[in-house]
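Listed below, chain by chain, are the residues.
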Amino acid sequence: MTVAQLASDRGLHRVGARLPVVAYLKQTWARRQFVVKMAQFRLRADLEDNRLGIVWLLLQPVLNAIVYGTIFYFLQSDRRPTDYIAHVVIGVFLFQFFSKSLSDGAKSITGNRALVQSLAFPRLTLPLAEVMEHFLSLMPSIGLLLVALPLLGHPPSWSWLLMVPLLALYTLFNAGIAMIAARLTVHVRDLTQVLPFVSRILFYTSGVLFDVSKIFESHPWVIAVYDLHPLYQVLTIARHLLMGSPYNPHYWLYFSLYAVIVFLVGLLFFWMAEERYGRD
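Residues numbered from 1 in each chain as written. Predicted model: local features only at pLDDT ≥ 70, side-chain atom pairs only at ≥ 80, totals over all residues. Heavy atoms only, no water.

Some points on the environment of Val-62
Following the sequence through the fold, Val-62 ends up in helix H4 (residues 55-76). On the basis of relative accessibility, which here comes to 25%, the residue Val-62 falls in the partly exposed class. Once the C-alpha coordinates of Val-62 and Ser-245 are considered, the two residues, 183 residues apart in sequence, prove to be 21 Å apart. Excluding residues that lie within four positions of it along the chain, Val-62 makes contacts with Phe-93 and Leu-144. (Helix = DSSP H or I, 4+ residues; strand = E, 2+ residues; numbered from the N terminus. Buried < 20%, exposed > 50% of the residue type's maximum accessible area, 1.4 Å probe, protein only. Contact = heavy atoms within 4.5 Å.)

What to know about the side chain of Gln-233
You can see Gln-233 is positioned in helix H12 (residues 230-243). Leave out the neighbours within four places in its chain, and Gln-233 touches Asp-227, Leu-228, Tyr-251, Tyr-254, Phe-255 and Tyr-258.

Here's the deal with the pattern of salt bridges
Evaluation of the coordinates by the stated rule reveals 2 salt bridges. In this structure, Glu-130 engages Arg-42 in a salt bridge whose closest nitrogen and oxygen atoms are separated by 2.7 Å. Linking Glu-130 in helix H7 (residues 125-151) with Arg-42 in helix H3 (residues 32-48), this pair joins segments that are 88 residues apart in sequence. (Salt bridge = Lys/Arg side-chain N within 4 Å of Asp/Glu carboxyl O.)

Describing the environment of Gly-143
The topology assignment puts Gly-143 in helix H7. Distance from Gly-143 to Leu-253, taken between C-alpha atoms, is 26 Å for residues 110 residues apart in sequence.

Some points on the environment of Ala-259
One can find Ala-259 in helix H13 (residues 250-271). What makes Ala-259 buried here is its relative accessible area of 0%. With 42 residues separating them along the chain, Ala-259 and Glu-217 place their C-alpha atoms 28 Å apart. Residues within four places of Ala-259 in sequence aside, it is in contact with Leu-169, Leu-172 and Phe-173.

Structure follows, in structure tokens:
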């Protein structure tokens, strides 16, 4: 009998061996408090490096909205969206959640090499902690948004409550993206240099700062392509819920499918390389 067979008979497993996916998920769920605590610790550590602390959670997206919104205000001329300020603020605030989940999720394994190599735990917790951190940092922005919208002429309505399931789906989608990026970065380190450009391209092309129906009014096929764009869908749904902008109700179905499929694909894609993390 070999040593491996003897260990198997005694219920022992090779250190770092990939568990079956169900057992892997159970271990990850058992460490859910670790995910939350790590997210809170990183968020607190980032804020403590700045004098203004938590104010930056609000100031950064507001400054981005002001800078980009001002530039695109003049560039779009008569094609500006209705309720331009609210349109831009919602877009910038929500897109930042995706952008940071993508960039920091991609570095969640390579940036924690010492932790990955020294301890045995489901590596899935690392990209999830990154997404959780940026979800927590999004909450003050959402609070500010709900306070500012009535001042911009959009009083509270019951539709605002639907932001809860929308943000849940959005978090699921971003988690899937973070897991995919985390594994790809392990194999191709230079990807971290490329992702900022990818994020910037998506920022300028996802309808964050403009009204797709007005910009591409003479090109219906482009609008039809945008109907399949997940980031455009989530921004459009959010604008409908918060300010009553027109939208396609099917976007709820489309984005729900995107969120579930991207999360499951990201989960399986990440899990399949579990044994390679910390070794490559």
